[in-house]
Every structure is written in C-alpha cells, then in structure tokens.
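Coordinate inspection notes
In case you want the letters, here they are:
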Amino acid sequence: MTTLLPRIELESAPHPRAAVIWLHGLGADGNDFAAIVPELELSGCPPIRFVFPHAPSMPVTLNGGYVMPAWYDILGTDLAKREDAAGIQHSARAIEALIAHEVERGIAPGAIVLAGFSQGCAMALQVGLRHGARLAGLMALSGYLPLAGTLAAERSAANADTPIFMAHGLADPVVPIARAQASRQALLDLGYAVQWHSYPMPHSVHPQEIADISQFLRSVLGAAA
C-alpha cells in the first residue's frame with residue numbers, strides 16, 4: 001500500500017464532488033497556494049476539495065546539494081538538456097496515488113483537475129497527460145513540459161482532449177518564457193487543447209491570473225455541479 005504524501009486539504013463547501021490537486025514549486029510546500037482558494041470565484045462549480053501535497057525533501061544539485069522540498073532533482077540550468085527522469089517518475093507515482101485516493105473518496109476522475117506551479121507544473125503535465133482516465137483539466141503555471149521526448153509514446157488517449165491552462169510571466173527569471181513557449185508548441189504539435197496566458201510578472205502569480213484560473217475551473221468543473 002502506498003503511503004500518501006502529507007498534504008493540506010480545503011473544501012469550498014461540504015460533501016465535495018470535485019477535486020483540485022495543486023502541486024507547489026521547488027523549495028515551497030503545500031501552504032504556498034492554499035491562501036489563493038478564498039480568492040477564487042467558484043460560482044457554478046460543485047463543492048471542491050483542494051489538495052495541496054508537500055513534496056519530500058531532497059538534495060538539489062543546482063543549489064549545491066542543499067536539501068529542500070522538491071519533486072525531483074534539478075541537475076543544471078538547462079531544464080531540457082539534463083533531467084532527473086527517475087525522480088520525476090518516482091513523484092509521478094506519489095501523485096497518481098493522490099488521484100486514486102480522491103477516486104476512492106467518491107470523486108470521479110472527470111471531476112479532478114491537476115494543477116501545479118514551476119516544478120509542480122512539470123509534474124502536473126507529466127502525470128496528467130499519461131493518466132489512464134480522463135481528467136477535468138490541467139493547470140500548468142510558470143513551468144514547462146518535462147521528459148518531452150517520451151510523451152508521444154507514453155501519453156494516454158483518455159486525456160488527448162483534456163483542456164490545458166498554461167500561464168507564464170513575461171519576466172520570469174527562473175523558467176524563461178521561451179521554455180514554456182516551447183512546451184506549449186510541443187503540446188500543440190501533439191494535438192492538445194492549450195489555453196495560453198502570459199502576464200507582466202516574474203516567477204509568481206498575477207491578480208489577473210487568479211481571475212483566469214477561476215474562469216477555467218468554472219468551465220471544466222461546472223458540468224459536475
């Protein structure tokens with residue numbers, strides 16, 4: 001039996017019928033995005049359980065081996081050239097267990113959104129595009145598509161038309177916007193439905209982005225109401 005990741009859970013109303021699993025970035029934890037939930041306008045949505053897991057701590061090569069919460073190791077500044085495939089796949093299994101847990105609690109896969117910021121964005125795309133049942137949507141915030149070379153062979157037909165919300169800062173010094181744009185193009189080339197948004201911000205979250213996230217959640221989860 002897989003031990004579930006420690007996590008924060010918030011419910012928009014009792015008896016949730018939908019879930020958003022939201023993955024934080026490098027060096028953060030599940031608290032990072034929990035504060036956004038009260039800011040979301042979710043009228044028209046069913047009660048939603050927001051799940052904010054904490055990544056395990058590990059040494060991160062790019063940061064001199066400093067131990068911090070991370071979904072996988074960052075081996076160098078070129079995010080595409082050298083990737084920690086084993087670490088990504090290990091975390092993917094832990095995230096799949098969280099999805100399975102929500103299904104066991106009565107949430108249909110089609111009422112689950114997988115979201116992530118930065119490293120969490122990479123994990124949301126890694127897991128969501130390969131998941132065997134159709135999800136409601138994917139939110140890819142200030143991140144990129146990892147292990148892009150294996151996606152065509154590993155992707156799941158179930159999520160071939162799942163809506164993808166991609167958002168990035170025009171002045172992001174951590175994940176350059178060109179990396180995100182290349183990820184978007186790779187997804188478009190494979191036929192995915194990508195909703196692209198850019199904002200005048202660094203590696204962060206913009207007020208307009210929160211409003212756009214609200215609209216996206218209403219569009220993909222409203223049918224479950």
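Everything in this summary refers to the structure shown in the same document. The shown structure was predicted, so the numbers you read here are calculated from the model rather than taken from an experiment.

Right, let's talk about the nonpolar core for a bit. Counting residues in hydrophobic clusters, the biggest one holds 74 residues, and the most contacted among them are Trp-22, Phe-50, Leu-187, Leu-217 and Leu-221. Apart from the residues lying within four places of it in its own chain, the contact partners of Leu-217 are Val-20, Leu-40, Leu-42, Cys-45, Phe-50, Val-113, Met-139 and Gly-222.

Looking now at the side chain of Ser-142. Here Ser-142 is to be found in the loop between strand 7 (137–141) and helix 4 (148–154). With residues up to four places along the chain from it excluded, the contact list for Ser-142 reads Phe-117, Ser-118, Ala-167, His-168, Gly-169, Asp-172, Val-175, Met-201, His-203 and Ser-204.

Two faces make up the sheet, and in a regular strand the side chains alternate between them. Among the 6 residues of strand 3 (residues 48–53), 6 are classified as buried, and the element is accordingly described as predominantly covered. As paired elements, strand 1 (residues 7–11) and strand 3 share 5 bridges and run antiparallel to each other. What sits directly across from Leu-10, in strand 3, is Phe-50. In terms of strand pairing, strand 2 (residues 18–23) meets strand 3 through 4 bridges, oriented parallel. Across the sheet, the residue bridging to Val-20 is Phe-50, located in strand 3.

Reading the values: rules and limits
The residue count restarts for each chain, going from 1 along the sequence in the order it is written. Selection of residues for local features in this predicted model requires a pLDDT of at least 70, selection of side-chain atom pairs for listing and counting requires 80 or more, and totals for whole chains, interfaces and linings are taken over all residues. Excluding hydrogens and water, the side-chain values take into account all heavy atoms of the structure. Residues belong to one nonpolar core when they are buried, are Ala, Val, Leu, Ile, Met, Phe, Trp, Tyr or Cys, and are joined through side-chain atoms within 4.5 Å. Buried means the residue's accessible area, taken with a 1.4 Å probe over protein chains only, is under 20% of the maximum for its type, while exposed means over 50%, and partly exposed covers the values in between. Note on definitions: a residue-residue contact is assigned when non-hydrogen atoms from the two residues lie within 4.5 Å. Counting from the N terminus, the helices are DSSP H or I runs at least four residues long and the strands are E runs at least two residues long. Pairing between strands is defined by DSSP: at least two bridges between the two strands are required.

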